[in-house]
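# Topology and contacts: notes
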Amino acid sequence: MWSGPRNLSTAMMYSFAARGDCRVVDEPFYAAYLAQSGAVHPLGGEVMASQPIDPHAVAETLISPLSEPVFYQKHMTHHMLSDWPDEWIKQVKNVFLIRHPARVIASYAKKREAPQLSDLGFLQQVQLFKSVADPIVIDSSDIRADPTTMLQKLCACLGIPWTPAMLTWPAGGHSADGVWAHHWYGAVHRSTKFDSIEGALPTLDGAYARMVDAAMPSYEALAAYKLT
């Protein structure tokens, strides 16, 4: 599952974990990304101490045999640096989770001051989309509007059985959460299901409005292929 931050990806991880037949992993390249990019993030030191920082070692864990029949991998597109191993990506089914840039930017700015477009993964998501075979695209707003229908369609595309267990999960987080969860996951930790349909788009101005304009072509390029 390839997305940017603030994009329903954690709720989707909890949804898949609730199936009962699925292992989940939370942003496994995060520490490697911080170590090699030099990006400064909240809890960066704790993140790098909690995960492998060698991207090759991380990639091996994503294609190694496991006992569960389904493996949900929550990835941030901006964590994938250009010179990293990517052969493993050909061995998984790639889903692209999208969200309107205005909603992403408004939400992200509440957690980390002065983000750059490169922090949000829109451009990187398009590059990854173009590089894989048979990509699947799903919009977070469509999931919130009708989670049953959209998850049924997603499961059909993935070739896995649908189960209504995916519609709810226990409050309080999941054992697979990264160490950064207490900074970023407050709302989803309080949740037990997908939130209802979102309201009007937030109004942004200045640098954030310009960032929305810069991200919109990437969002629209993938939205043209989304499940409906």
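In this report, we go over the structure that sits alongside the text. A quick note: this is a predicted structure, and the numbers were derived from the prediction, not measured. (Residues numbered from 1 in each chain as written. Predicted model: local features only at pLDDT ≥ 70, side-chain atom pairs only at ≥ 80, totals over all residues. Heavy atoms only, no water.)

### Concerning the environment of D83
As a reminder of what qualifies: Helix and strand assignments follow DSSP, with helices taken as H or I runs no shorter than four residues and strands as E runs no shorter than two, numbered in order from the N terminus.
Along the polypeptide, D83 turns up in the loop between β3 (70–76) and β4 (95–98). For the pair formed by D83 and D54, sequence separation is 29 residues and the distance between their alpha carbons is 12 Å.

### Comments concerning the packing of aromatic side chains
Spelled out, the test is: For this analysis, a ring pair means two rings from Phe, Tyr or Trp (six-membered ring only for Trp) whose centres lie within 6.5 Å, classed as stacked if their planes differ by under 30 degrees, edge-to-face if by over 60, and tilted for the remaining angles.
Counted according to the given criterion, the structure contains 10 aromatic pairs. Of the aromatic side chains, those joined through ring pairs into one cluster are W2, F29, W84 and W88.

### A closer look at unusual backbone geometry
Rules: Type-normalised accessible area, obtained with a 1.4 Å probe on protein chains alone, sets the label of each residue: buried when under 20%, exposed when over 50%, and partly exposed for intermediate values.
Positioned with a positive phi, R6 is a non-glycine residue whose angle comes to about 60 degrees. Among the secondary structure elements, R6 is positioned in the loop between β1 (2–3) and α1 (9–17). One non-glycine residue, L43, adopts positive backbone phi at about 65 degrees. Residue classification places L43 among the partly exposed residues on the basis of a relative accessible area of 21%.

### Considering the pattern of salt bridges
Stated formally: The rule for a salt bridge is simple: a side-chain nitrogen of Lys or Arg has to be within 4 Å of a carboxyl oxygen of Asp or Glu.
This model, assessed by the stated rule, comprises 10 salt bridges. Note that E87 is salt-bridged to K90, the shortest N-O span being 3.1 Å. According to the relative accessible area criterion, K90 is exposed, its value standing at 63%. Residue K226 pairs with D139 through a salt bridge whose shortest N-O separation is 3.8 Å. Taken together, the residues span a long stretch of sequence, with K226 in the segment after α11 (206–223) and D139 in strand β5 (residues 136–139) at a distance of 87 residues. On the basis of relative accessible area, K226 is assigned to the partly exposed category, the value being 25%. Its relative accessible area of 1% is what places D139 among the buried residues. Among the charged side chains, a salt-bridge network with shared partners connects R99, R103, R144 and E198.

### Some thoughts on the packing of helix α6 (residues 122–131) against α11
Helix-helix packing is described using two parameters, namely the angle between the two axes and the distance between the axes. Quick note on the threshold: For helices, the fitted axis covers only the stretch in contact; all axes are lines through C-alpha atoms, and the angles between them, taken along N-to-C directions, range from 0 to 180 degrees. If you view the pair so one helix is near and one far, a crossing is left-handed when the near helix is turned anticlockwise from the far one by less than a right angle, and right-handed when it is turned clockwise. By the convention used here, residues are in contact when the closest approach between their heavy atoms is within 4.5 Å. Nonpolar residues are Ala, Val, Leu, Ile, Met, Phe, Trp, Tyr, Cys and Pro. Charged residues are Asp, Glu, Lys and Arg, and all others, Gly as well, are polar.
Orientation of α6 relative to α11, taken along the N-to-C sense of each, is 35 degrees, at an axis distance of 8 Å. Seen along the crossing, α6 lies across α11 with a hand that is left-handed. Of the residues in α11, those touching α6 at F122, L123, Q125, V126 and F129 are A215, S218 and L222. A class-by-class count of the residues in the contact of α6 with α11 yields six nonpolar, two polar and no charged.

None of the figures reported here should be taken as evidence of function without further support.
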